[in-house]
Amino acid sequence: MRTDTIAAIATALSNSGIGIVRVSGKEAVNIVNQIYRDKNGHKTMSAMESHTIHYGFIVDEKGETVDEVMVSFMKGPKSFTAEDTVEINCHGGVLLLNRILELVIKSGARLAEPGEFTKRAFLNGRIDLSEAEAVMDIIHAQNELALKSSVSQLKGAVSSKIKKLREKIIYEIAFIESALDDPEHISLEEYPNHLKEVLEILLYEVNILLSTADDGKILREGICTVIVGKPNAGKSSFLNLLLGENKAIVTDIAGTTRDVLEEHIRLKGMDLNLIDTAGIRSTEDTVEKIGVEKAREYAEKADLILYVADSSVPLDENDREIIKMIASKKCIVLLNKTDLESVVTEDIIFEAFCEVLENIQEENVKKDDEVQKEDRFRELKVLKVSAKESIGIEEFEKTLQDMFFKGEISFENEVYITNLRHKEALQDTKNALLMVEKSLEDNMPEDFYSIDLMSAYASLGSIIGEEVADDLVEEIFSKFCMGK
């Protein structure tokens, strides 16, 4: 770890009311003292008490005033980096910020690398790696739920859970090693039964964390939502209703939408990346064919399908083709045009899905799989809406939240895995624990238990930075902005 004093502009490089130049390291006070003067023209940085802020001026080499400032001082280890830290709060002009940073560097500081302030906080033990990554997530949060999740992780929600799992594992490793070293006093005769119970608990808790990874990805990136349906079913009208403006062209002519239209909205704190597609039907029109193929491609990659069906006309072969295409996806069926006389009901939709189920590679589907799919279709979300009359939006919002987050989301007692690196480490942990379970089943020597338990322990340690290579640390912090 480098221990020299670093400096950087900690606010966005754009003209604004206030800007901050941050300085951190053992020489931070002495460096800023060279260019700071209080209202009486005195150098007073060295006399400041920790966690205080002072009014004064930044001066250049000639003693001329550069800017009127407020300077705050935080003595290590009670600072973000756990080092002596000085922040110069000045006016937010780009030229001015760069001028003050230049003076700080000329006085003995080094320009910080991207993420180096947070990296020093990690290396100095103030935060662990998962909390450091949460800092970046907070900066890039695009919605309220993502922000709450990131703050929860910064407060230690993930690291606390991981540390508890590691404590359980290291206890078992220590017991095994002690018994192998001192078999006369520590018996392993009944130990396999005990370890099996511990493994059940560990695997259950790891699986719970892994089960949140998809929700965590959605919290962070938003729900990739693709709107499909026949031409003239009201897809574009429903998109316009969600957006609150007429972004998509709507006419009585079937097949108006030929290409993909992408928009972004926020509902109940969730981000929806909405994709309106061409109406799916058999057609000889070359351009429309391309649009239909694009619709199929986007539907395949979607987190959620909104299948808009015209409730005023009977289902046809095009509807059945759509149902076949989305049968395995998370889906909400929107029975649109309920302001007209309806001929398509929830029961008809359910029957259509079941009919498609029976025809999908029936000879290759096991009975158990049939039951599972049948149960899934019984829970199929079918909503009555009218894009024209703005009916059904509130129920749609509630259904959406129930589908993805089981109602209200709370980060007080629940941990969400939002980081792909964490998910992969947890999967490695699970695999290692399953290897221990296999060794127990095969009556392998106790050494094998210890090896795989240590592997699980190391995988969990990589999440919080206790078992992580230097190059990975460098890669993680290189993605941070310069002043963080």
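What counts, and where the lines are drawn
- Residues numbered from 1 in each chain as written.
- Predicted model: local features only at pLDDT ≥ 70, side-chain atom pairs only at ≥ 80, totals over all residues.
- Heavy atoms only, no water.
- Helix = DSSP H or I, 4+ residues; strand = E, 2+ residues; numbered from the N terminus.
- Buried < 20%, exposed > 50% of the residue type's maximum accessible area, 1.4 Å probe, protein only.
- Contact = heavy atoms within 4.5 Å.
- Areas by Shrake-Rupley, 256 points an atom, 1.4 Å probe, with all protein chains shown as cover.
- 1 Å grid on protein atoms, 1.4 Å probe; cavity = no way out; pocket = protein on both sides within 12 Å on 5 of 7 lines; lining within 4 Å.
- Points joined across faces, edges and corners; volume = space filled by probe spheres on them.
- Nonpolar A, V, L, I, M, F, W, Y, C, P; charged D, E, K, R; others polar.
- Pairing = 2+ DSSP bridges.
- Axes fitted to C-alpha atoms, helices over the stretch in contact; angles between N-to-C directions.
- Core = buried A, V, L, I, M, F, W, Y, C linked by side-chain atoms within 4.5 Å.
- Expected span 1.5 Å × (residues − 1).
- pLDDT = per-residue confidence, 0-100.
- Patch = residues over 30% accessible without salt bridge, like charges linked within 9 Å, V, L, I, M, F, W, Y side chains within 5 Å.
- Salt bridge = Lys/Arg side-chain N within 4 Å of Asp/Glu carboxyl O.
- Parallel < 35°, antiparallel > 145°, perpendicular 65-115°, else oblique.
- Lys, Arg positive; Asp, Glu negative; His and termini not counted.
- Charge placed at Lys NZ, Arg CZ, Asp CG, Glu CD.
- Polar contact = N/O pair within 3.5 Å; in protein donor to acceptor, adjacent residues only side chain to side chain.

Moving on, we get to the overall build of the chain. Each helix and strand in the chain was counted, giving 17 helices and 13 strands. Burial statistics for the chain: of 484 residues in total, 49% are counted as buried. Relative to all contacts within the chain whose residues are 6 or more apart in sequence, the contacts with residues 24 or more apart total 68%. Summing over all exposed atoms, the chain offers an accessible surface of approximately 24,700 Å²; the carbon and sulfur share of this is 49%.

With that settled, consider the layout of surface pockets. The volume enclosed by the largest pocket comes to roughly 840 Å³. If you trace the largest pocket, you find 34 residues lining it, with Lys217, Arg220, Thr418, Asn419 and Leu420 closest to the centre. Residue assignment for the lining of the largest pocket shows that the elements contributing at least two residues are helix H4 (129-140), helix H5 (144-154), helix H8 (213-221), helix H14 (393-405), helix H15 (420-441) and helix H17 (470-478). Ranked by the residues each element gives to the lining of the largest pocket, the list is headed by H8, at eight residues. Split into classes, the residues belonging to the lining of the largest pocket amount to 13 nonpolar, seven polar and 14 charged.

With that settled, the discussion passes to the sheet that holds strand S10 (residues 270-276). Pairing is mixed in the open sheet, where six strands are placed in the order S9-S10-S8-S11-S12-S13. On the outer flanks of this sheet lie strand S9 (261-267) and strand S13 (381-384), each paired with one strand and no other. Each strand axis lies, on average, 25 degrees off the axis of its neighbour in the sheet, ignoring direction. Relative to S13, strand S12 (residues 331-336) runs parallel, the two sharing four bridges. Its bridge partner lying in S13, Leu335 is registered against Lys384. Of the strands in this sheet, strand S8 (223-229), S9, S10, strand S11 (304-310) and S12 are in contact with helix H9 (residues 235-243), which crosses S9 at around 40 degrees. The sheet strands contacting helix H11 (residues 317-326) are S8, S11 and S12, and the helix crosses S11 at an angle near 165 degrees.

This paragraph deals with the nonpolar core. Nonpolar side chains in soluble globular proteins generally cluster together in the buried interior. Counting 33 residues, the largest nonpolar core has Ile162, Ile169, Leu195, Leu426, Leu433, Leu453 and Ile463 as its most contacted members. Taken together, the elements giving at least two residues each to this core come down to helix H6 (157-181), helix H7 (191-211), H15 and helix H16 (446-464). For this core, the element with the highest residue contribution is H7, accounting for nine residues. Formed by 27 residues, the second largest nonpolar core is a distinct cluster that contains Leu239, Leu242, Leu272 and Phe404.

Of the consecutive residues Gly76 and Pro77, the connecting peptide bond is found in the cis state with omega at 10 degrees. As for its position among the elements, Pro77 is in the loop between strand S5 (65-74) and strand S6 (85-92). One non-glycine residue, Lys337, adopts positive backbone phi at about 65 degrees. By the element assignment, Lys337 lies in the loop between S12 and helix H12 (346-359).

On to the environment of Ile464, then. Mapping Ile464 onto the fold places it in helix H16. Residues Ile464 and Ile162, spaced 302 residues apart in sequence, show a C-alpha to C-alpha distance of 7.7 Å. Residues contacting Ile464, with those up to four places away along its chain left out, are Phe122, Asp128, Leu129, Ser130, Ser159, Ile162, Lys163 and Arg166.

Attention shifts here to H16. Here H16 contains 19 residues, and its C-alpha end-to-end distance of 28 Å stays within 8% of the 27 Å for a straight helix at 1.5 Å per residue. At the exit of H16 stands Gly465, carrying a positive phi of roughly 90 degrees.

To continue, consider the confidence of the model for the chain. A low pLDDT score tells you not to read the predicted coordinates there in detail. Put simply, the chain has an average pLDDT of 82, and 86% of its residues get 70 or more. In the model, residues 248-258 has pLDDT below 50 throughout and makes 29 contacts with residues more than four positions away in sequence or in other chains.

This brings us to a nonpolar patch on the surface. A cluster of nonpolar side chains, namely Ile53, Tyr55 and Met70, defines an oily patch on the protein surface of about 260 Å² accessible area. Relative to the assigned elements, Met70 resides in strand S5. Judged by relative accessible area, which is 32%, Met70 ranks as partly exposed.

For the pair H15 and H16, interaxial distance at closest approach is 8 Å and the crossing angle is 170 degrees. Classified by the angle their axes make, H15 and H16 are roughly antiparallel. Together, Arg421, His422, Ala425, Leu426, Asp428, Thr429, Ala432, Leu433, Met435, Val436, Ser439 and Leu440 of H15 and Phe448, Tyr449, Asp452, Leu453, Ser455, Ala456, Ser459, Leu460, Ser462 and Ile463 of H16 make up the contact between the two elements. Looking at side-chain class alone, the contact of H15 with H16 contains 13 nonpolar, six polar and three charged residues.

So, about a negative patch on the surface. Taken together, the side chains of Glu346, Asp347, Glu351 and Glu395 make up a negatively charged region of the molecular surface. When residues in the negative patch are grouped by element, the largest group, three residues, is from H12. Among the structural elements, Asp347 can be located in helix H12. Taking the relative accessible area as the measure of exposure, Asp347 reaches 56% and is therefore exposed.

Another aspect to go through is the side chain of Thr212. Along the chain, Thr212 turns up in the loop between H7 and H8. A residue is classified by how much of its surface remains accessible, and Thr212, at 6% relative accessible area, is buried. Polar contacts involving the side chain of Thr212 include one to the main-chain carbonyl oxygen of Leu209, which spans 2.7 Å. Those residues within four positions of Thr212 in sequence are excluded, and the remaining contacts are Val415, Tyr416 and Ile417.

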